[in-house]
Amino acid sequence: MNADAIERILRHAQPKEFPDHTSYNSISIRQIAQLSKAMGISGREIEIMALEHGAVPERYARNMKTFSPQDQAALLKACVSVVGLGGLGGAVVEILARIGVGMLNVIDGDTFEESNLNRQFLSSPSRMSKSKAEAAAQRIKTINSALEVNAYSLFLNAKNGLELLRHSDVSVDCLDNLKTRFVLERLCKQLGSPLVSAAVAGASGHVTTVFPDDQGLTLIYGEEENVPSKGAEAALGTVPYSVTFLAALECAEVVKTIQNKPGLLRNKLLVADLDDGVIDVVNLC
Amino acid sequence: MDRESYIQLKLFANLQNFMPSTADNFAIEAGLTIGALLAQLDIPEDKIKLVFVDGVRAELTTILDGGERVGIFPPVGGG
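Sequence positions are assigned chain by chain, starting from 1 and proceeding in written order. To label them, take the chains in the order written and letter them from A, then take the ligands in the order written and number them from 1. Side-chain atom pairs in this predicted model are given and counted only at pLDDT of 80 or more, local residue features only at pLDDT of at least 70, and totals for whole chains, interfaces and linings cover all residues. Only heavy atoms go into the side-chain values, all of them from the structure, while hydrogens and water stay out.

Draft legend 1. Quick look at the overall build of chain B. Going along the chain from the N terminus, every DSSP run of H or I of four or more residues is numbered as a helix, and every run of E of two or more is numbered as a strand. The helix and strand inventory of chain B stands at one helix and seven strands. Along its sequence from the N terminus, chain B presents helices and strands in the succession β-β-β-α-β-β-β-β. Atoms considered for the radius of gyration are the C-alpha atoms alone. The globule rule reads 2.2 Å times the number of residues to the power 0.38. Against the globule reference of 12 Å for 79 residues, chain B gives a C-alpha radius of gyration of 12 Å, in line with a compact fold. With a 1.4 Å probe rolled over the protein chains alone, any residue whose accessible area is under 20% of its type maximum counts as buried; one over 50% counts as exposed, and the rest are partly exposed. Each of the 79 residues in chain B was classed as buried or not, and the buried ones make up 51%. For chain B, long-range pairs separated by at least 24 residues make up 56% of all intrachain contacts whose partners lie at least 6 apart in sequence. Contacts between residues were defined by any pair of non-hydrogen atoms, one from each residue, lying within 4.5 Å.

Okay, here's the thing in structure tokens:
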């Protein structure tokens, strides 16, 4: 069955050239969808098989000078939970779906309101009062129907969190308050999975990656019991370029974590202020 | 302990309201602690959780000699 599937995939692949004239075997969205239907295998699994046997799904062609086929397949095999689907989460979902993270859990109990429109990519006037999680699931399926999505219109808490994050290889903190960030970190530590966390206020923000044995968020915010619910964002609001910038940095951390690459911001905090262009990486311990 | 020295000061997010006009070349007395620097800038200590000196997380008791880059972040949690 598997050998037959691989043979069929490779038979459909077409020789193509990258812009630098090196050659590769390309397989199109339409062919993947047809093979998926004909063989009763998910599009995601077809894409993985293609990559592992010398064919490149054309939608990832421009990733392939940065990632090896194994790197790209690792993304397709990974499950990432995006917790919070506002400014950070909407951009994270967009990037992770396009880059080819195979399974996405999208979690947010909130609905859209007009003040979201300045920065939240998933929002639009027609979606007012509609579920952010449902909008994220629709967006992911629109970008790549081969991906698997679980949408949860729920606010993550200590009770439901273990179940929601159980299958997650990495979680992405895109929350909008400080208290729940600590709840999420504790859940990830319990589950033994890494957390990528970013936060924004005005044009400033920071991003870090926390592995289960790392000290994590207390190094940034102090002890949990003394942390206020909201930070400087209550006074400053949030502008789209800072939140999208930090979301992009979170995605780079997610990808490096899945692909087991060096250069993670573990025990480090990248701080940025886009008003004056100051960007620095701080050693937290 | 009364030598005049200079630090490069960077205040993030809403702390910019406390930013002195001379932030890029801010005069301090060598031996000043971060806590004393906050007092000098009128920044309430309880508003601050994260200070870094030359790219390393510092404490309120960390001493400045002059020549350092000092960054101060309030808690931010927006997304």
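From this point, the narrative continues.
Draft legend 2. Representation of the overall build of chain A within the structure. The number of helices and strands found in chain A is eleven helices and eleven strands. In terms of overall size, chain A behaves like a compact globule, its C-alpha atoms giving a radius of gyration of 20 Å where 285 residues would be expected to give roughly 19 Å. Its C-alpha atoms give chain A principal-axis dimensions of about 60 × 40 × 35 Å. Counting the 285 residues in chain A, one finds 54% classified as buried. When contacts within chain A are restricted to residue pairs at least 6 apart in sequence, long-range pairs at least 24 apart make up 64% of them. Working note: accessible area of chain A is about 12200 Å², and carbon and sulfur atoms make up 52% of it. For the charge count, each Lys or Arg is scored as positive and each Asp or Glu as negative, with His and the chain ends excluded. Every charge is mapped onto a representative atom, which is NZ of Lys, CZ of Arg, CG of Asp or CD of Glu. Across chain A, the 28 positively charged side chains and the 33 negatively charged ones have centroids separated by 6 Å. Only the protein chains shown count as cover for residues, with accessible areas throughout obtained via the Shrake-Rupley method and a probe of 1.4 Å.

Draft legend 3. Representation of the domain arrangement of chain A in the model. Residue and element names in this part refer to chain A. Reported domain spans reflect what an automatic or database domain assignment gives. Parsing chain A into structural domains produces domain 1 (2–66) and domain 2 (78–283). Each of domain 1 and domain 2 has a C-alpha centre, and the two are 31 Å apart. Tallying the contact residues gives seven residues for domain 1 and ten residues for domain 2. For the pairing of domain 1 and domain 2, the buried interface totals around 670 Å² over both sides, and the portion due to carbon and sulfur atoms is 40%. Salt bridges are defined as contacts in which a side-chain nitrogen from Lys or Arg sits within 4 Å of a carboxyl oxygen from Asp or Glu. Where domain 1 meets domain 2, there are one salt bridge. Ionic pairing is found between R44 and E148, a salt bridge with its closest N-O pair at 2.9 Å. Put simply, buried area is the surface a 1.4 Å probe can reach on two separate parts but cannot reach once they are joined, added for both.

Draft legend 4. Molecular detail of helix α4 (residues 69–77) of chain A. Among all positions in α4 of chain A, only D71, Q72, A73, L75 and L76 of chain A are buried. On the buried face of α4 of chain A, the contacting elements are α3 (43–52), α5 (87–99) and α11 (240–258) of chain A.

Draft legend 5. Just the sheet that holds strand β1 (residues 14–17) of chain A, in detail. Residue and element names in this part refer to chain A. Strand order in the open sheet formed by three strands is β1-β2-β3, and the pairing between neighbours is mixed. Looking at the sheet topology across the chains shown, the edges are occupied by β1 and β3 (55–57). Direction aside, neighbouring strands of the sheet carry axes that sit 55° apart on average. Criterion used throughout: strands pair if DSSP finds at least two bridges between them. Pairing geometry for strand β2 (residues 23–27) and β3, over three bridges, is parallel. Within β3, the residue paired with N25 across the bridge is A55. Every axis in this analysis is a line fitted to C-alpha atoms, fitted for helices over the stretch in contact. Angles between the N-to-C directions lie between 0 and 180 degrees. The sheet contacts of helix α2 (residues 29–39) involve β1, β2 and β3, and relative to β2 the element is tilted by about 50°. In the packing of α3 onto the sheet, the strands contacted are β2 and β3, and the crossing angle to β3 comes to about 145°.

Draft legend 6. Region of interest: unusual backbone geometry. Residues and elements named next belong to chain A. Positive phi outside glycine occurs at H21, with the angle close to 75°. As for its placement among the helices and strands, H21 is situated in the loop between β1 and β2. The phi dihedral of N267 is positive, around 60°, even though this residue is not glycine. Mapped onto the fold, N267 is located in the loop between α11 and β10 (268–273).

Draft legend 7. Examining the pattern of salt bridges more closely. Residue and element names in this part refer to chain A. Taken as a whole, this structure holds 20 salt bridges over all chains when the rule is applied. When the shortest N-O distance is used, the salt bridge between E52 and K77 registers 2.6 Å. In this pair, E52 sits in helix α3 while K77 sits in helix α4, placing the two residues 25 residues apart along the sequence. Residue K77 is classed as partly exposed on the basis of its relative accessible area of 44%. The residue K230 makes a salt bridge to D176 at a minimum N-O spacing of 3.9 Å. A residue pair is termed long-range when its members are at least 10 positions apart, and K230 in the loop between α9 (218–221) and α10 (233–236) and D176 in the loop between β7 (170–173) and α8 (178–191) qualify at 54 residues. Here K230 falls in the partly exposed class, since its relative accessible area comes to 41%. Residue D176 is classed as partly exposed on the basis of its relative accessible area of 40%. A single salt-bridge network, built from bridges that share partners, covers E94, R98 and R139.

Draft legend 8. Fine view of the interface of chain B and chain A. Counting from both sides, the interface comprises 19 residues of chain B and, opposite them, 39 residues of chain A. In total, chain B and chain A occlude about 2100 Å² of area from one another, counting both sides; carbon and sulfur atoms represent 59% of this. When residues of chain B are sorted by the area they lose upon contact with chain A, R57, V76 and G79 of chain B head the list and together hold 27% of the total. Between D273 of chain A and K10 of chain B there is a salt bridge, with its nearest N and O atoms 2.6 Å apart. In the analysis that follows, any N or O atom pair within 3.5 Å is treated as a polar contact, provided that within protein one partner can donate a hydrogen and the other can accept it, and provided that, for residues neighboring in sequence, both atoms belong to side chains. Here chain B and chain A share 18 residue pairs in polar contact (both at pLDDT 80 or more) between them. Among the secondary structure elements, those contributing two or more residues to the side of chain B that touches chain A are β4 (50–53), β5 (56–58) and β7 (69–73) of chain B. Of the residues assigned to the side of chain B that touches chain A, the class counts are nine nonpolar, six polar and four charged. Each residue is assigned to one of three groups, with Ala, Val, Leu, Ile, Met, Phe, Trp, Tyr, Cys and Pro labelled nonpolar, Asp, Glu, Lys and Arg labelled charged, and all others, Gly among them, labelled polar.

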